[in-house]
Structures are given as structure tokens and as C-alpha cells.
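An overview of the molecular structure
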Amino acid sequence: MKKSTGYLIAGLVVLALLSRRHGAEMSSDAEYGFAVFQRDGQFVKGQEATGTRYNVTVPTDSPPGYRPMAIYHTHPPEALLSPSGADYDAARKYGFPSICVGRDGEMECYGVER
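All of these numbers come straight from a predicted model, not from anything done at the bench. (Residues numbered from 1 in each chain as written. Predicted model: local features only at pLDDT ≥ 70, side-chain atom pairs only at ≥ 80, totals over all residues. Heavy atoms only, no water.)

Within the chain, the regular secondary structure consists of 2 helices and 6 strands. Put simply, the chain runs from its N terminus to its C terminus through helices and strands in the order α-β-β-β-β-α-β-β. In the chain, once contacts between residues fewer than 6 apart in sequence are set aside, the share between residues at least 24 apart is 57%. Counting only carbon and sulfur atoms, one obtains 52% of the accessible surface of the chain, whose full area is about 6,500 Å². (Helix = DSSP H or I, 4+ residues; strand = E, 2+ residues; numbered from the N terminus. Contact = heavy atoms within 4.5 Å. Areas by Shrake-Rupley, 256 points an atom, 1.4 Å probe, with all protein chains shown as cover.)

So this is what it looks like as C-alpha cells:
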């Protein structure tokens, strides 16, 4: 999948939510993630999750009246800064139009084809 600058809004929202996050600490020893939902120009962060070094299951339950916007998760330092096939499959399954992946202070967002 080709990276698109059209997903800048998703990336900016994820960065804003990361800057005021509470809860699980990010670590290179475990992937961390959350989903972002939108309604009428308002954005909310879903439940945070911490997984293993190479996997995290991001909760995808949408608050009432909100629609899926993006799934964000980290990758370990040695992994690519791009979504895997499984990442795309999960985003499609739950109706998320964007995936954002972070690693070592970097982040890239990608569109999800249906």
C-alpha cells in the first residue's frame, strides 16, 4: 500500500492523543496501540493496549455514535515503519480507513483500501 499525505489529519490526531496519554508506558520491548474514533469533528482515543514485542491487539469497540478513524500502534526498532498484511486485514475488518505506525519517535500513516 502506498503512503498518502491524505491521512495527515489521522496522523495529527494520533500525535495529539499521544502527547496527553496516560496509562501503559511505551517501550521497545512491547508493541503499544489504540484506536481513534470521530464524531462531528470530535476525536476520542479508544482503550490502550500493550502486547508482545511483535504483536498487539488493539481494542476496536467504538463509543456510541462515533465512527472508526485510525488504528495506531508501535513497532520495535528493528521492524519496518509500515503496516503488515495482518495490520491491513484488521483495519479492514473493523472499518478503519487509516493505520498509523510509530517507531523510535517517528510515525507514518497509511490509507486502507476496502
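All right, on to helix α2 (residues 85-93) then. Side chains that are three or four residues apart share a direction in an α-helix, a result of its 3.6 residues per turn. Looking only at α2, the buried set comprises D87, Y88 and A91. Burial along α2 is one-sided: seen end-on, the buried residues are contained in an arc of 95°. Exposed and oriented more than 90 degrees from the buried face of α2 are A86 and K93. Where α2 is buried, its residues touch β4 (67-74), β5 (98-103) and β6 (106-111). (Buried < 20%, exposed > 50% of the residue type's maximum accessible area, 1.4 Å probe, protein only. Arc of directions from axis to C-beta.)

Glancing now at the layout of surface pockets. In this structure, the largest pocket spans a volume of roughly 360 Å³. Those elements that provide at least two residues to the lining of the largest pocket are β4 and α2. Among the residues forming the lining of the largest pocket, the class breakdown is 10 nonpolar, 7 polar and 2 charged. (1 Å grid on protein atoms, 1.4 Å probe; cavity = no way out; pocket = protein on both sides within 12 Å on 5 of 7 lines; lining within 4 Å. Points joined across faces, edges and corners; volume = space filled by probe spheres on them. Nonpolar A, V, L, I, M, F, W, Y, C, P; charged D, E, K, R; others polar.)

Attention shifts here to the confidence of the model for the chain. Low pLDDT means the predicted coordinates in that region are not meant to be read closely. Confidence along the chain averages 82 in pLDDT terms, with 77% of residues attaining 70 or more. Ranking the elements of the chain by mean pLDDT puts helix α1 (residues 8-19) last, at 65, and α2 first, at 94. Confidence over residues 1-6 falls short of pLDDT 50; this stretch has 9 contacts with residues more than four positions distant or in other chains. (pLDDT = per-residue confidence, 0-100.)

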